[in-house]
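Coordinate inspection notes
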Amino acid sequence: MYNRRKFIKLSAAGASLAVVSTDLLAKTVTAAPLAAGLPIVISTWGFGIAANQEAWKTLSKGGRALDAVEAGVKIPEADLTNHTVGRSGYPDRDGHVTLDACIMDEKGNCGAVAAMEYIAHPISIARLVMEKTPHVFLVGEGATQFAVEQGFKKERLLLPSSEKAWKEWLKKAEYKPIINIEDSKGIPGNQYNHDTIGMLALDVKGNISGACTTSGMAFKMHGRVGDSPIIGAGLYVDNEVGGATSTGVGEEVIRNVGSFLVVELMRQGYTPEAACKEAVQRIIKKKPDTAKEIQVGFLAINKKGEYGAYAIQKGFSFAVCNKNKQDLLIKGKSFY
Ligand code: ASP
């Protein structure tokens with residue numbers, strides 16, 4: 001709708017300018033930005049800063065949002081110090097590192113993998129599922145098999161440091177997710193912190209894409225899948241409206257189809273922050289006692305490049321990168 005309105009405005013401007021100079025008209029139309037802040041990329045948490053920088057390399061050259069988000073989230077996926085996303089993720093309670101990711105483009109195409117072992121970049125496999133198969137979602141061994149067929153290396157992902165943490169955890173073997181927060185510099189608050197990177201980008205053409213990738217909750221049951229690879233839960237993009245992504249305890253996000261809800265609320269006219277707040281409040285309303293003990297955060301962007309976030313607990317932050325603001329880390333508002 002935004003595009004259409006903008007187009008109508010530009011056409012109207014063009015009609016009056018045409019009598020003056022067609023050359024001027026061409027310059028006026030092509031120079032008019034879709035929205036002042038484009039291109040733009042936003043991501044969950046402090047590790048989103050480095051991821052945004054990578055995405056920015058594509059966006060600033062006029063590249064496609066889809067390419068930007070894939071390249072961006074591969075940074076935390078490859079980061080050996082990050083135990084919540086990609087190759088260095090903490091394992092499940094049986095010692096398996098299982099990764100989840102999904103991706104969605106401006107045409108509504110999407111792809112996902114879940115509970116995938118031995119492959120370090122789940123986001124790239126999710127994209128290949130989207131582009132090279134008739135399916136949307138591959139899980140477990142099937143996802144690994146597809147990745148290998150596509151030329152990806154099968155490797156043991158359990159790092160010695162992750163194995164040590166898992167063995168330590170096994171002493172009590174108590175599954176009690178810690179509320180994920182980080183300090184003002186973006187440092188995670190706890191060694192068992194459970195964070196996901198969700199990234200949303202708008203390219204110069206005003207097209208939106210999103211990516212979401214995680215190793216899931218540390219020490220989860222084998223086979224457990226959270227919200228992150230589920231389209232509509234961990235990520236949703238509608239190029240007419242905007243995009244949303246989430247982080248935190250995936251079970252509560254799935255129960256409320258969180259990211260889809262945020263996008264639908266934006267369609268009704270909610271700002272990105274107000275839509276995220278409403279989605280958080282739904283979770284709290286349904287399970288007020290559980291909500292006191294857990295973290296869920298939503299992050300959203302609309303077609304104009306306006307963004308916002310809201311979380312259950314304080315300590316949620318998100319990173320923003322556009323022409324005017326690089327490396328920006330913003331504290332998300334929260335219910336508590
Ligand atoms: N949402 C992820 C999951 O439930 C974990 C997280 O973001 O902390 O698997």
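A brief structural summary. Since we're looking at a predicted model, the values are computed, not measured. (Residues numbered from 1 in each chain as written. Predicted model: local features only at pLDDT ≥ 70, side-chain atom pairs only at ≥ 80, totals over all residues. Heavy atoms only, no water.)

Here's the deal with unusual backbone geometry
Residue Pro39 is reached from Leu38 by a cis peptide bond, and omega for that bond is -5°. Take Pro39: it is sitting in the loop between helix 2 (22-31) and strand 1 (40-44). If you check the backbone angles, Trp45 has positive phi at about 65° while not being a glycine. Mapped onto the fold, Trp45 is located in the loop between strand 1 and helix 3 (48-59). Here Asp327, not a glycine, exhibits a phi torsion of approximately 55°, which is positive. What makes Asp327 partly exposed here is its relative accessible area of 39%. (Helix = DSSP H or I, 4+ residues; strand = E, 2+ residues; numbered from the N terminus. Buried < 20%, exposed > 50% of the residue type's maximum accessible area, 1.4 Å probe, protein only.)

Some thoughts on helix 7 (residues 160-170)
Since the α-helix advances by 3.6 residues per turn, residues separated by three or four positions end up pointing in the same direction. The set of residues buried in helix 7 consists of Ser162, Ala165, Trp166 and Trp169. When helix 7 is viewed along its axis, its buried side chains cluster within an angular range of 100° and face the same direction. Of the exposed residues in helix 7, the ones pointing more than 90 degrees away from its buried face are Pro160 and Lys164. (Arc of directions from axis to C-beta.)

Considerations on the packing of aromatic side chains
Under the counting rule described, the total for this entry stands at six aromatic pairs. Ring plane angle 20° and centroid distance 5.7 Å describe the contact between Tyr90 and Phe219, whose orientation is recorded as stacked. Here Tyr90, found in the loop between helix 4 (65-78) and strand 2 (99-104), pairs with Phe219, found in the loop between strand 6 (208-214) and strand 7 (235-238); they are 129 residues apart in sequence, far enough to count as distant. Phe219 matches Tyr90 in its accessibility class, with the two residues each being buried. Plain terms: the ring middles of Tyr236 and Phe260 are 4.9 Å apart, the flat faces sit at 80° to each other, and that makes the pair edge-to-face. Of the two residues, Tyr236 is situated in strand 7 and Phe260 in helix 9 (residues 258-267); the sequence distance between them amounts to 24 residues. What makes Tyr236 buried here is its relative accessible area of 17%. Members of the aromatic cluster, connected to one another through ring pairs, are Tyr90, Trp169 and Phe219. The ring of Tyr118 has Lys154 lying over it, and the distance from NZ or CZ to the ring centre is 5.1 Å. (Phe/Tyr/Trp six-rings, centres within 6.5 Å; stacked < 30°, edge-to-face > 60°. Lys NZ or Arg CZ within 6 Å of the ring centre and 35° of its normal.)

Focus: helix 4
Look at helix 4: 20 Å from first C-alpha to last across 14 residues, which is about the 20 Å you get at 1.5 Å a residue. Within helix 4, the full set of buried residues consists of Ala65, Leu66, Ala68, Val69, Glu70, Gly72, Val73, Pro76 and Glu77. (Expected span 1.5 Å × (residues − 1).)

Concerning the nonpolar core
Ranked by internal contacts, the top residues of the largest apolar core, which has 78 residues, are Ile103, Val262, Phe298 and Ile312. In this view, Ile312 contacts Val280, Ile283, Ile284, Ala291, Ile294, Gln295, Val296, Ser334, Phe335 and Tyr336; residues no more than four positions away in its chain are not counted. Within the second largest apolar cluster, six residues are counted, among which are Tyr90, Ala165, Ala218 and Phe219. (Core = buried A, V, L, I, M, F, W, Y, C linked by side-chain atoms within 4.5 Å. Contact = heavy atoms within 4.5 Å.)

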